[in-house]
Amino acid sequence: MRTSAHFLSTFLCALHVLLHAGMCSVIVPLWPLQMRPMMMQEHRLNSPSRISDPVVRILLRTWRPFHPRSLQLQHAKMTGSGECSAGSNSLPIINVRGTHYQVGFETGRLMKEHIQMFYAGFAPMHQKFLPFIKTEKGGRIFEGYLGVVRQELPQYLEEIRGLSDGSGVPFEQIFLMHIRSEISLILRQGHYETPACTTVFVNRDDAEIVGHNEDNDPGMKAHSYIVAAEIVADNGTLVEKFTAFTYPGTLPGNAFSFNRAGVVFTVNSESPLTVPVDKIPRYILNRALLAAECPEDFERIINMGPGLAQGCSINVVFTRHPNDSIKMRNYELLGSFDSTLHTVVDGSVTFRYDPDKPNNEGNGFMYHFNKYERIRVKQNPENIVSSIHRQNRAKQFPLPTSASDVLAFLGDTADTDYPVFRTPTEKDGGCTIATALFDLKAMTMAVYRDNPKTSAPLLTLPIPKLF
Ligand SMILES: *[C@@H]1O[C@H](CO)[C@@H](O)[C@H](O)[C@H]1NC(C)=O
Ligand SMILES: *[C@@H]1O[C@H](CO)[C@@H](O)[C@H](O)[C@H]1NC(C)=O
């Protein structure tokens, strides 16, 4: 472990200030745990809203973000569950401002080492996805999804192009990463989509909480980062502003995030048996939802044509909604094969706790896993085993009423084969990449990279109340 003084000097030496017209990007690296108090302060000094002030057209950049060389060494040694603990004590944050293409490009450029390292090591990409799209059927499916995105949400295709140009990873691979849920299902190799994520809502007079474990492939953990972005139109108007935990070389919006309108959302993957082609890939729809500023925007996007491909569940809080009873919601979404319906949508509300009502889900609390609870559809049995275990474990806990209750559950490892806080076991390959605790009374997002039951958050960001 290095000393504070050493880190301070490394930090100062590592800052490069470049002028960059029209875009503003900052990396705030976070150092190991004993440095937390100082770095928290650093972080507040450089809070996203201040850095991304349009007047400050400065690009700050670390010399070598996140020490990629030591990371490589670490990687060489990593196997199995070891990989799932890599990156536990650091998390890069980048601030980017520009058009959709520029934001993609800057993200790709700043996170280049991480993105390249992750893509090179992501076996399903090379062993399954790339060979599949060389087949006639695979090529048709790839072109089908691409055509829909080009037609319906071209701005996000621009972000993907930027990500590819900035990171140097071919466009084909980056787009494939955005349809990996769909392709995995079509190949009937669901185990490539690690079933992922646990969400807990608490809605009471004294506590408004969303807790979320982001679970995925262990190889993603050390290469993930937070993107704080401001997207501007060609005429200079700010069109989107959000902060999102982001997978390497993937658009933000698939994990946990908040935007300038105080809309907080987290995503759980789902495992239907089949998936429609020629629809909007779920990663792209999740990205589009980052722009939603009110329930009406949100519902317009989830119902847009031609509809969603792979299903998912979205947990969302409209923190500025005037009615505390209906601002916390879960939407289950399923790709539709019925030409008269774009997407099967089932929305549900976690109401403000009412002591006169039974203590059922929806009355002051709710859990969501990677399993449809309300939409009736055949699910891939292999992919819901962990969800069933996590759900059964939740039933053994008292009703969650506070942040510490939520963290105790999200950090639970009592079920050793299928723990809630996941590190790969013989039966379950999932890895908890990060945990988010949204405290919507304090308006903060705390991010844990280690077990949230036994560790402190690595960082806490304010969720802006007003823009
Ligand atoms: C700038 O572009 C945005 C997005 O295309 C549009 O909504 C807005 O009206 C434009 N503003 C001006 C001043 O032209
Ligand atoms: C808030 O929503 C609940 C549930 O829909 C409703 O019963 C209640 O009347 C609403 N409160 C206000 C002040 O509109």
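Heads up: these notes are all about the structure in this document.

What counts, and at which threshold
Residues numbered from 1 in each chain as written. Chains lettered and ligands numbered in written order. Predicted model: local features only at pLDDT ≥ 70, side-chain atom pairs only at ≥ 80, totals over all residues. Heavy atoms only, no water. Helix = DSSP H or I, 4+ residues; strand = E, 2+ residues; numbered from the N terminus. Buried < 20%, exposed > 50% of the residue type's maximum accessible area, 1.4 Å probe, protein only. Contact = heavy atoms within 4.5 Å. Areas by Shrake-Rupley, 256 points an atom, 1.4 Å probe, with all protein chains shown as cover. Near = heavy atom within 4 Å. Polar contact = N/O pair within 3.5 Å; in protein donor to acceptor, adjacent residues only side chain to side chain. Nonpolar A, V, L, I, M, F, W, Y, C, P; charged D, E, K, R; others polar. Pairing = 2+ DSSP bridges. Axes fitted to C-alpha atoms, helices over the stretch in contact; angles between N-to-C directions. Core = buried A, V, L, I, M, F, W, Y, C linked by side-chain atoms within 4.5 Å. Disulfide = S-S within 2.5 Å. Arc of directions from axis to C-beta. Salt bridge = Lys/Arg side-chain N within 4 Å of Asp/Glu carboxyl O.

Right, let's talk about the overall build of the chain for a bit. The helix and strand tally for the chain stands at 16 helices and 17 strands. Here the chain, with 467 residues, has 60% of them falling under the buried criterion. Counted over contacts in the chain with a minimum sequence separation of 6, partners at least 24 positions apart contribute 70%. When the accessible surface of the chain is summed, it comes to about 18,100 Å², and 54% of that surface belongs to carbon and sulfur atoms.

Right, let's get into the site of ligand 2. As a structural note, the neighbourhood of ligand 2 is formed by Asn 323, Ser 325, Ile 326 and Phe 351. The separation between an oxygen atom of ligand 2 and a polar side-chain atom of Asn 323 is 2.3 Å. Across the complex, the protein chains shield 28% of the 360 Å² of accessible surface that ligand 2 would expose by itself. For the shell around ligand 2, the class distribution of residues is two nonpolar, two polar and no charged.

In terms of residue burial, strand 16 (residues 444-448) counts as a mostly covered element, since four of its five residues are buried. Here strand 15 (residues 431-439) runs beside strand 16; their pairing, made up of five bridges, is antiparallel. Across the sheet, Phe 438 pairs through a bridge with Met 445, a residue of strand 16. The turn linking strand 15 back onto strand 16 is made up of four residues, and Met 443 within it adopts a positive phi angle of 55°. Sheet topology places strand 16 next to strand 17 (residues 459-462); four bridges connect them, and they run antiparallel. By the bridge assignment, Thr 444 is partnered in strand 17 with Pro 462.

So, about helix 11 (residues 171-178). Burial of helix 11 is extensive: seven of the eight residues sit out of reach of the surface. Listed as buried for helix 11 are Phe 171, Gln 173, Ile 174, Phe 175, Leu 176, Met 177 and His 178. Turning to helix 11, the residues buried within the fold contact helix 7 (112-121), helix 8 (123-133), helix 9 (136-152), helix 10 (154-167), helix 12 (180-186) and helix 13 (282-289).

Now for unusual backbone geometry. With the exception of glycine, the majority of residues adopt a negative phi angle, and the majority of peptide bonds are in the trans configuration. For the peptide bond that leads from Gly 305 to Pro 306, omega is -5°, which places it in the cis range. By the secondary structure assignment, Pro 306 is in the loop between helix 14 (295-302) and strand 11 (312-318). Phi at Cys 197 takes a positive value of approximately 85°, unusual for a residue other than glycine. On the secondary structure map, Cys 197 appears in the loop between helix 12 and strand 5 (198-204). A relative accessible area of 2% means that Cys 197 is categorised as buried. In this model, Asp 278 sits at a positive phi of 55°, which is unusual for a non-glycine residue. Its location among the elements puts Asp 278 in the loop between strand 10 (263-269) and helix 13.

This paragraph deals with the sheet that holds strand 6 (residues 207-216). Strand pairing in a sheet relies on backbone hydrogen bonds. The paired strands run either parallel or antiparallel. Taken in spatial order, the six strands of this open sheet run 14-5-6-15-16-17, and their pairing is antiparallel. Each edge of the open sheet carries a strand with a single partner, namely strand 14 (365-368) and strand 17. When the angles between neighbouring strand axes are averaged without regard to direction, this sheet yields 15°. In this structure, strand 5 lies alongside strand 14, joined through four bridges in antiparallel fashion. Residue pairing in the sheet places Val 200 in a bridge with Tyr 367 of strand 14.

All right, on to the nonpolar core then. Membership of the largest hydrophobic core comes to 95 residues, with the highest contact counts inside it found for Phe 175, Phe 298 and Phe 438. If you tally residues by element for this core, the top one is helix 9, at six residues. Sequence-distant contacts of Phe 438, that is, excluding residues within four places in its chain, are made with Glu 208, Ile 209, Val 210, Phe 256, Ser 257, Phe 258, Val 264, Thr 266, Thr 444, Met 445 and Ile 463. Phe 365, Phe 369, Val 420 and Tyr 448 belong to the second-largest nonpolar core, a separate cluster that totals 17 residues.

This brings us to the state of the cysteines. In total, this model carries one disulfide according to the counting rule given. Note on cysteine connectivity: Cys 84 is disulfide-linked to Cys 431, with sulfurs 2.1 Å apart. Between Cys 84 and Cys 431 the disulfide shows an S-S torsion of about 95°. By sign, it is right-handed. Here Cys 431 lies in strand 15 and Cys 84 lies in helix 5 (residues 81-85), a separation of 347 residues in the sequence. Exposure remark for Cys 84: the relative accessible area of 3% places this residue in the buried category.

All of the buried residues in helix 8 are Pro 124, Met 125, Phe 129, Leu 130, Phe 132 and Ile 133. Across the axial projection of helix 8, the buried residues extend over an arc of 155°, all falling on one side. Buried-residue contacts for helix 8 involve helix 7, helix 9, helix 11 and helix 12.

Inspection of the secondary structure puts Ala 120 in helix 7. On a C-alpha basis, the gap between Ala 120 and Val 169 in space is 9.3 Å, while along the polypeptide they are 49 residues apart.

Further remarks concern the site of ligand 1. Around ligand 1, the surrounding shell consists of Ala 233, Asn 235 and Thr 237. One nitrogen or oxygen atom from the side chain of Asn 235 is found 2.5 Å from an oxygen atom belonging to ligand 1. Starting from 360 Å² of accessible surface for ligand 1 in isolation, the protein chains cover 27%.

One pass over the structure, following the stated rule, counts 24 salt bridges. We note a salt bridge from Arg 97 to Glu 230, for which the minimum N-O separation is 2.4 Å. Here Arg 97 is found in strand 4 (residues 93-98), whereas its partner Glu 230 is found in strand 7 (residues 225-232), with 133 residues between them in sequence. The same class applies to Arg 97 and to Glu 230, which are both buried. A salt bridge links Arg 329 to Glu 299; its shortest N-O distance comes to 3.6 Å. Pair noted here: Arg 329 is in strand 12 (residues 328-335) and Glu 299 is in helix 14, with a separation of 30 residues, a long-range link. Residues participating in the shared-partner salt-bridge network are Asp 205, Glu 208, Asp 324, Lys 327, Arg 352 and Lys 441.

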